[in-house]
Amino acid sequence: MAKRTPFYDLHVKTNAKIVDFSGWDMPLHYGSQLHEHHQVRQHAGMFDVSHMGVVDLHGHDAAAFLRRLLANNIDRLVDGKALYTCMLNEAGGVLDDLIVYKVSQDFYRMVINAGTREKDIAWMKTQGKSFKINLVERTDLAMLAIQGPAVKDKAEKIFTPDQVEEIRNLKPFTFVSFNDWFIARTGYTGEDGYEIIFPANGTNKLWEDCIAAGIAPCGLGARDTLRLEAGLNLYGLDMDETTTPLEANLAWTVMMDPSERNFIGREALEKQIQQGVKCRLVGLILDGPGVIRNHQKVIIAGNGEGEVTSGGYSPTLEKSIALARVPAEIGTHCFVEIRNKQIPAQVIKPPFVRNGKKVSDSR
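Residues numbered from 1 in each chain as written. Predicted model: local features only at pLDDT ≥ 70, side-chain atom pairs only at ≥ 80, totals over all residues. Heavy atoms only, no water.

1. Comments concerning the pairing of strand 18 (residues 319-327)
Next, step 1: With 8 of 9 residues buried, strand 18 lies mostly within the body of the structure.
Next, step 2: The pairing of strand 15 (residues 279-286) with strand 18 spans 7 bridges and is classified as antiparallel. Counted as the bridge partner of L284 is A322 from strand 18. (Buried < 20%, exposed > 50% of the residue type's maximum accessible area, 1.4 Å probe, protein only. Helix = DSSP H or I, 4+ residues; strand = E, 2+ residues; numbered from the N terminus. Pairing = 2+ DSSP bridges.)

Written out as structure tokens, the structure is:
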């Protein structure tokens, strides 16, 4: 039987189309995926992301453990800041991508992907055996993302005046907490906004407050087209345990300095850097008819083939776009094989859209 988030009854009441996502009953849309996409790009929308895992890490060795566990360096964090990172296996493959928040010296919070929750927590427990830490999966919490250019102005209708002042002053990848409520200026859409982690018994009130503020419910369909336009990877499609961050446009999330920080997967990445990375993740914009779909073949004249990892239609650009893993030496143009036809496409460096605006088609 599929799992359900604390918002499930509200989704049904709002006439959501419910689908299975990583074993969870989740809303695909509430009538129009296209409308929900534009709502976030132009105004404000909200997403139930309570299927994602929240893991609290406490203990004297919390920081030392994360230095070993994660490819990015948590020493860059101060209290109230967050960091995007990958968690790797010994071969440098991506076990998951996640956000880690530093609450205090001995307290960190991690948000992990829904489809990897059990695997991630088991891995963390195994790697943490020699550290003085306590890992707690917070199944008592819910999570709502509110995203879009109008979200900041709507905060006063959701939070108290004192809270609003602190929330509005947040910079990207920072957060504040009020008792059991945790508000971070993070997101997965390419728009400004907040991700709110809070006690599950507060779901109805927060939902109703957001509706009253004009923040529209949005489903997983719009979340996917928004993240694709923003050039944000989806675990399981754009990277997995067989892919290193260097092959997934995530080299910026790997901190090799200081050289003495022996994080899991470091040796494999050093070897890959030394030998040269053979493939990389790029953006594609289709120049002809059709829609790019996952796993379609990418053909590079005189330089081999690649594969689409995430493809679809961009409502903002009104064109088909994709992320694709291709040979490292690709040029500025290629072909995508769609229904046995080779359709020309531009090769760009993601993102395609930033803050509601089309990004220049340059590499």
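2. A word on the pattern of salt bridges
Next, step 1: Using the criterion set out here, one finds 19 salt bridges in the structure.
Next, step 2: The partner of R109 in a salt bridge is D56, with the nearest N and O atoms 2.7 Å apart. Placement of the pair is R109 in strand 8 (residues 107-112) and D56 in strand 5 (residues 53-58), with a sequence separation of 53 residues.
Next, step 3: Look at R109 and you get buried, because its relative accessible area is 6%.
Next, step 4: Judged by relative accessible area, D56 falls into the buried class, the value being 1%.
Next, step 5: Put simply, R68 and E90 hold a salt bridge, and the shortest N to O gap is 3.7 Å. Highlighted residues: R68 in helix 3 (residues 62-69) and E90 in the loop between strand 6 (82-88) and strand 7 (94-104), separated in sequence by 22 residues.
Next, step 6: The class of R68 is partly exposed, set by a relative accessible area of 26%.
Next, step 7: A network of salt bridges, in which partner residues are shared, links D56, R109, R138 and D140. (Salt bridge = Lys/Arg side-chain N within 4 Å of Asp/Glu carboxyl O.)

3. Comments concerning the packing of aromatic side chains
Both the distance between ring centres and the angle between the ring planes are used here to describe each pair of aromatic rings.
Next, step 1: Counted by the stated rule, this structure contains 9 aromatic pairs.
Next, step 2: With a centroid separation of 5.6 Å and 85° between ring planes, the pair formed by Y101 and F175 is classed as edge-to-face. Taken together, the residues Y101 in strand 7 and F175 in strand 11 (residues 175-178) connect sequence positions 74 residues apart. Each member of the pair, Y101 as well as F175, carries the same accessibility label: buried.
Next, step 3: Ring centres 4.5 Å apart and planes at 25° place the aromatic pair F175 and F182 in the stacked group.
Next, step 4: With relative accessibility at 4%, the residue F182 sits in the buried group.
Next, step 5: Taking the ring centre of F182 as reference, the NZ or CZ of R109 above it sits at 4.8 Å. (Phe/Tyr/Trp six-rings, centres within 6.5 Å; stacked < 30°, edge-to-face > 60°. Lys NZ or Arg CZ within 6 Å of the ring centre and 35° of its normal.)

4. Observations regarding the state of the cysteines
Next, step 1: What the rule picks out here adds up to 0 disulfides.
Next, step 2: Unpaired in terms of disulfides, C86 finds its nearest cysteine sulfur in C279, a separation of 15 Å.
Next, step 3: Take C86: its relative accessible area is 0%, and that puts it in the buried class. (Disulfide = S-S within 2.5 Å.)

5. Considering the side chain of T309
Next, step 1: Mapping T309 onto the fold places it in strand 17 (residues 305-314).
Next, step 2: Take T309: its relative accessible area is 6%, and that puts it in the buried class.
Next, step 3: Side chain to side chain, T309 and D238 meet in a polar contact 2.6 Å long.
Next, step 4: Leave out the neighbours within four places in its chain, and T309 touches L237, D238, L281, N294, L323, A324 and R325. (Polar contact = N/O pair within 3.5 Å; in protein donor to acceptor, adjacent residues only side chain to side chain. Contact = heavy atoms within 4.5 Å.)

6. Considerations on the side chain of H51
Next, step 1: Mapped onto the elements of the fold, H51 is located in the loop between strand 4 (45-48) and strand 5.
Next, step 2: On the basis of relative accessible area, H51 is assigned to the buried category, the value being 1%.
Next, step 3: Not counting residues up to four positions away in its chain, the partners in contact with H51 are T5, F21, W24, M26, A114 and R117.

7. A few points about the sheet that holds strand 19 (residues 333-338)
Next, step 1: Spatial ordering of the closed barrel is given by 15-18-17-16-19-20, a layout of 6 strands whose pairing is antiparallel. Each neighbouring strand pair of the sheet contributes to a mean axis angle of 40°, computed without reference to strand direction.
Next, step 2: Helix 8 (residues 220-229) rests against strand 17 and strand 18 of the sheet, and its axis sits at about 120° to strand 17. (Axes fitted to C-alpha atoms, helices over the stretch in contact; angles between N-to-C directions.)

8. A short note on the packing of helix 2 (residues 33-42) against helix 8
Next, step 1: Close contact between helix 2 and helix 8 brings their axes to 8 Å; oriented N to C, the two are set at 50°. Taken together, the axes of helix 2 and helix 8 lie oblique to each other. Note on packing geometry: the crossing formed by helix 2 with helix 8 is right-handed. Residues Q33, E36, H37, V40 and R41 of helix 2 form the contact with helix 8, whose participating residues are G221, A222, T225, L226 and E229.
Next, step 2: Looking at the contact of helix 2 with helix 8 residue by residue, the classes come out as 3 nonpolar, 4 polar and 3 charged. (Parallel < 35°, antiparallel > 145°, perpendicular 65-115°, else oblique. Left-handed = near helix turned anticlockwise from the far one by under 90°. Nonpolar A, V, L, I, M, F, W, Y, C, P; charged D, E, K, R; others polar.)

9. Observations concerning helix 7 (residues 203-212)
Next, step 1: All buried positions along helix 7 are accounted for by T203, L206, W207, D209 and C210. Viewed along the axis of helix 7, the buried residues span an arc of 165°, placing them on a single side of the element. Among the exposed residues of helix 7, those oriented more than 90 degrees off its buried face are K205 and A212.
Next, step 2: Where helix 7 is buried, its residues touch helix 1 (8-13), strand 4, strand 10 (141-147), strand 12 (181-184), strand 13 (193-199) and strand 14 (216-217). (Arc of directions from axis to C-beta.)

10. Regarding the environment of Y30
Next, step 1: Structurally, Y30 is set in the loop between strand 3 (24-29) and helix 2.
Next, step 2: Judged by relative accessible area, Y30 falls into the buried class, the value being 15%.
Next, step 3: Considering only alpha carbons, one finds Y30 and L135, 105 residues apart in sequence, at a separation of 36 Å.
Next, step 4: Setting aside anything within four residues of it in sequence, one finds Y30 in contact with H11, T14, N15, A16, E36, W207, P217, C218 and G219.
Next, step 5: In terms of polar contacts, Y30 uses its side chain to reach the side chain of H11, at 2.8 Å.

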